[in-house]
Amino acid sequence: SAFQTLARVALGTRLLRRPLPGFCRRHFRSRVQVAMGVEGSADSFGKAPQTAVQGELFLYNEDFGYAAFEVSGGGAGTRALVCIGGLTDGLLSLRYLPTLAEVVSSRKAGSWRVVQPVLQSSYRGWGTGSLDEDVEDIDRLLSYLSSHRGISEVALLGHSTGCQDVVRYLAVGKHSSMVKAAILQAPVSDREALLLTNTGSSVGVDTSFAQYCELAAQMVSDGRGDEVMPRAASLLIGPPHAITAYRFNSLTGCMTDDDMFSSDLTDSELQRRLGHICVPTLVVVSVDDEYVPPSVDCRTLAARMADAMAVGPLGQAEVLAIEQGGHALRTPSATQQFVDKVQRFLGLLGQPGQRSLSWEIAMAKDIQRWASEVAGGRPLMVALVGMPGSGKTTAANAIGRLIGPDCVVVPTDGFHLPLDVLRARSDGADAVCRSGASDTFDPEALRRCLYQIRGDDGAAVREVLLPGFDHGVGEPMAGAHRFVRQVHKIVLVEGLYLLHDADGWEGVGALFDHRIYIDADIEKAIDGIKERNKVIPGYTLEEIEIRCDRVDRKNAITVRGCRDRADIIVASGPAPPGAG
């Protein structure tokens, strides 16, 4: 049963005989500060750290005695912000937690209760734990919050390696449907942090560290991942705690379970790691994070992370870069920036008109199932069709991220006829004005590319280059997209006229295994296009209105006439700005 407590947490106050060499020093440093705070001393920023907070401590797993702490005790709300710490963290290791709890509990933020659990990997358990074991603990916690504490919705906040827990939970958690948002604070690469702290730079690698990396990888390969590494290996990481070969390899290897945020991961690899994230997500980084190599532009990396997520195309993956605050947001100003942003982020959840993924999630799973049933080694061909402003481009990109690197998304915008070709026509001026209409594309070029991808009539090739479109100048770009036969098992083509039966588009729809139509209200779609086109330079608002009503509306009516040729019809959701 739960009991009321005033938690005064002074953690890890034992004397350290020598400086810790690894990146886990940050956790021990914060613990020493906590102990000092209990004695009433101030930190280096002139403000005494908060080491006491009132709340309720409760067991969420009675079999193993795992507890969680709810700041300020059991509230009346049905939403909880669940905070997951990093390596060696425990209760109140997140120094901003009391301030955060005070702010997000307000009605303005949505009345969130704040809970921090102790996991199997907390404190000294990090070295013998794993992300999947943490997922099991989070599952137990969410189940308990639902059945015993009246919680129906949660947001997951991860700090440091806790960010990996959040990402992994969103992929495989049994109760992930309860999760309505994610916050990743200090999502750094353990691999890069360890290289930095063991070499003094991100270039050279300490010989002993490299040797232990090789040893751990070999032990995992030999089926001995659960065995404990030599004590000297754990000292290279930081505290003298036991660490298994599996966890050592996971923290130090490339594309291992824990390697999610490294700067050298390609966009495709980042999508493989983060593409399943389909809830609004806030990525928070510190420009002066001491565990990020100086050569890494954390703003750019955070933006790449956000773009790799399924919610990235919807504009539902936000980035906050804090100039000064370090890994743990140790300055009062950093804490305030973070807390204010989290309050706004949580307060916007579920607001009317906010675009969220719905049918796209199930569709991604269906497409993967269809792909497994395709015979003959050719890729699955899927057409996604919708009128201008229906959100087809956004949906296609989200589905592509949900599926992962097996899927290549091909927009048909690249098959626009070049402007000089349109100008050379007898109706040149009118054709340029109507660019985007069904007769201003090159469907024959698209057809040739689809034949090559399908491999019909012996036309299969290893790679097919497909054009993109530069919306800034209104011209196609050669080779912007690439289909690679050995990589891509799914080809998702999105566009306006894939089901059209005139102007040279006849028979294009038959080249696809499945045809999906996004049903949208024309008036709402046209209004969205008008709003989107306001940012286009060189046009007055009146000219934009005229073009949308004359050209885009006609195109929308043409596309709507193809609706009955689709195999699947889905309803469009509120489209974000710039949706196609």
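See above for the structure.
Residues numbered from 1 in each chain as written. Predicted model: local features only at pLDDT ≥ 70, side-chain atom pairs only at ≥ 80, totals over all residues. Heavy atoms only, no water.

Engineer: Go over the overall build of the protein chain with me, naming the residues and quoting the values.
Structural biologist: Helix and strand content of the protein chain: 18 helices and 16 strands. Residues counted as buried form 54% of the 580 residues belonging to the protein chain. Counted over contacts in the protein chain with a minimum sequence separation of 6, partners at least 24 positions apart contribute 74%. A total accessible area of about 24700 Å² is found for the protein chain, and carbon and sulfur atoms account for 50% of it. (Helix = DSSP H or I, 4+ residues; strand = E, 2+ residues; numbered from the N terminus. Buried < 20%, exposed > 50% of the residue type's maximum accessible area, 1.4 Å probe, protein only. Contact = heavy atoms within 4.5 Å. Areas by Shrake-Rupley, 256 points an atom, 1.4 Å probe, with all protein chains shown as cover.)

Engineer: Quick rundown of the side chain of Q185? Include the residues and the values.
Structural biologist: Structurally, Q185 can be placed in strand β7 (residues 179-185). Relative accessible area serves as the criterion here: at 1%, Q185 is assigned to the buried category. At a separation of 2.7 Å, a polar atom in the side chain of Q185 contacts the side chain of H159. Setting aside residues up to four positions removed in sequence, Q185 forms contacts with Y96, G158, H159, S160, C163, V284, H327, L329 and F338. (Polar contact = N/O pair within 3.5 Å; in protein donor to acceptor, adjacent residues only side chain to side chain.)

Engineer: Could you give an account of the pattern of salt bridges, with specific residues and numbers?
Structural biologist: Scanning the entire structure with this criterion turns up 34 salt bridges. Among the ionic pairs, D427 bridges to R425, the shortest N-O distance being 3.2 Å. The salt bridge involving D549 is made with R553; its shortest N-O contact spans 3.0 Å. You can see D549 and its partner R553 sitting in helix α18 (residues 541-560), 4 residues apart, about one turn around the helix. Its relative accessible area of 33% is what places D549 among the partly exposed residues. (Salt bridge = Lys/Arg side-chain N within 4 Å of Asp/Glu carboxyl O.)

Engineer: Which residues make up the sheet that holds strand β15 (residues 514-519), and what values go with them?
Structural biologist: Spatially, 5 strands are ordered β11-β14-β10-β15-β16 in an open sheet, and the strand pairing comes out parallel. Each edge of the sheet is formed by a strand with only one pairing partner; in this case those strands are β11 (407-411) and β16 (568-571). Direction aside, the axes of adjacent strands within the sheet are offset by 20° on average. Sitting on the sheet, helix α13 (residues 392-403) touches β10 (380-386), β11, β14 (490-495) and β15, and the angle it makes with β14 is about 170°. (Pairing = 2+ DSSP bridges. Axes fitted to C-alpha atoms, helices over the stretch in contact; angles between N-to-C directions.)

Engineer: Could you give me a rundown of the packing of helix α6 (residues 207-221) against helix α8 (residues 245-252), with the residues and numbers involved?
Structural biologist: Put simply, α6 and α8 touch, their axes get as near as 8 Å, and they point 120° apart. When the axes of α6 and α8 are compared, the pair comes out oblique. Note on packing geometry: the crossing formed by α6 with α8 is left-handed. Contact with α6, carried on its side by F209, Y212, C213, A216, A217, M219 and V220, involves A245, Y246, F248, N249 and T252 of α8 and no other residues of that element. Class assignment of the residues belonging to the contact of α6 with α8 gives a composition of 10 nonpolar, 2 polar and no charged. (Parallel < 35°, antiparallel > 145°, perpendicular 65-115°, else oblique. Left-handed = near helix turned anticlockwise from the far one by under 90°. Nonpolar A, V, L, I, M, F, W, Y, C, P; charged D, E, K, R; others polar.)

Engineer: Could you give me a rundown of the pairing of strand β13 (residues 475-484), with the residues and numbers involved?
Structural biologist: Alignment of strand β12 (residues 463-470) against β13, held across 7 bridges, turns out to be antiparallel. Pairing of E463 across the sheet is with V484, part of β13. What sits between β12 and β13 in their antiparallel hairpin is a turn of 4 residues, with G474 showing a positive phi close to 75°.

Engineer: An account of the nonpolar core is needed here, citing residue identities and associated values.
Structural biologist: L142, V154, L274 and I367 are the most contacted members of the largest nonpolar core, which has 74 residues in total. Counting residues per element, this core draws most heavily on helix α3 (residues 131-148), at 7 residues. Ignoring any residue separated from it by four or fewer positions in sequence, one finds L274 in contact with V167, F261, M305, A308, M309 and A310. The next biggest cluster of nonpolar side chains, apart from the first, holds 38 residues, and it includes F441, A445, V491 and L498. (Core = buried A, V, L, I, M, F, W, Y, C linked by side-chain atoms within 4.5 Å.)

Engineer: How would you summarise the environment of T256 if you had to cite specific residues and measurements?
Structural biologist: Its place among the elements puts T256 in the loop between α8 and α9 (267-274). In this structure, the C-alpha to C-alpha distance between T256 and R191, residues 65 residues apart in sequence, is 9.9 Å. Polar side-chain contacts of T256 include one of 3.3 Å to the backbone oxygen of G253.

Engineer: Tell me about helix α10 (residues 298-308), and please be specific about residues and values.
Structural biologist: Looking at α10, one finds that the buried residues are C298, L301, A302, M305, A306 and A308. In a view along the axis of α10, the buried residues occupy a sector of 165°, so they form one face of it. Those residues of α10 hidden inside the fold are in contact with α9, β8 (281-286), β9 (317-322) and α13. (Arc of directions from axis to C-beta.)

Engineer: Could you give an account of unusual backbone geometry, naming the residues involved and the relevant values?
Structural biologist: The phi dihedral of S160 falls on the positive side, at around 55°, and the residue is not glycine. S160 sits in the buried class, given a relative accessible area of 1%. Positive phi values are uncommon outside glycine, yet D503 reaches one of about 60°. Checked against the element boundaries, D503 lands in the loop between β14 and β15. Among the residues examined, D503 registers a relative accessible area of 41% and is labelled partly exposed.

Engineer: Which residues make up the pairing of β10, and what are the values?
Structural biologist: Along any regular strand the residues' side chains alternate between the sheet's two faces. The element β10 is extensively covered by neighbouring structure, given that 7 of its 7 residues are classed as buried. Burial along β10 is two-sided: the residues L380, V382, L384 and G386 and M381, A383 and V385 are all buried. One ladder, built from 6 bridges, connects β10 with β14; its direction is parallel. If you follow M381 over to β14, its bridge partner there is V491. Inspection of the sheet shows β10 paired to β15 by 5 bridges, in the parallel sense.

Engineer: Before we move on, can you summarise the environment of C298 with the specific residues and values?
Structural biologist: Checked against the element boundaries, C298 lands in helix α10. Between the alpha carbons of C298 and S286 there is a distance of 7.6 Å; along the sequence they are 12 residues apart. Once residues lying within four places of it in the same chain are set aside, the contact partners of C298 are V285, S286 and V287.

Engineer: Pulling in residues and values, what's your account of the side chain of R447?
Structural biologist: Within the element layout of this structure, R447 appears in helix α16 (residues 443-454). Overall, R447 belongs to the buried group, its relative accessible area being 12%. A distance of 2.7 Å separates a polar atom in the side chain of R447 from the backbone oxygen of E506. Ignoring anything within four residues of it in the chain, the contact list for R447 reads G504, W505, E506, V508 and L511.

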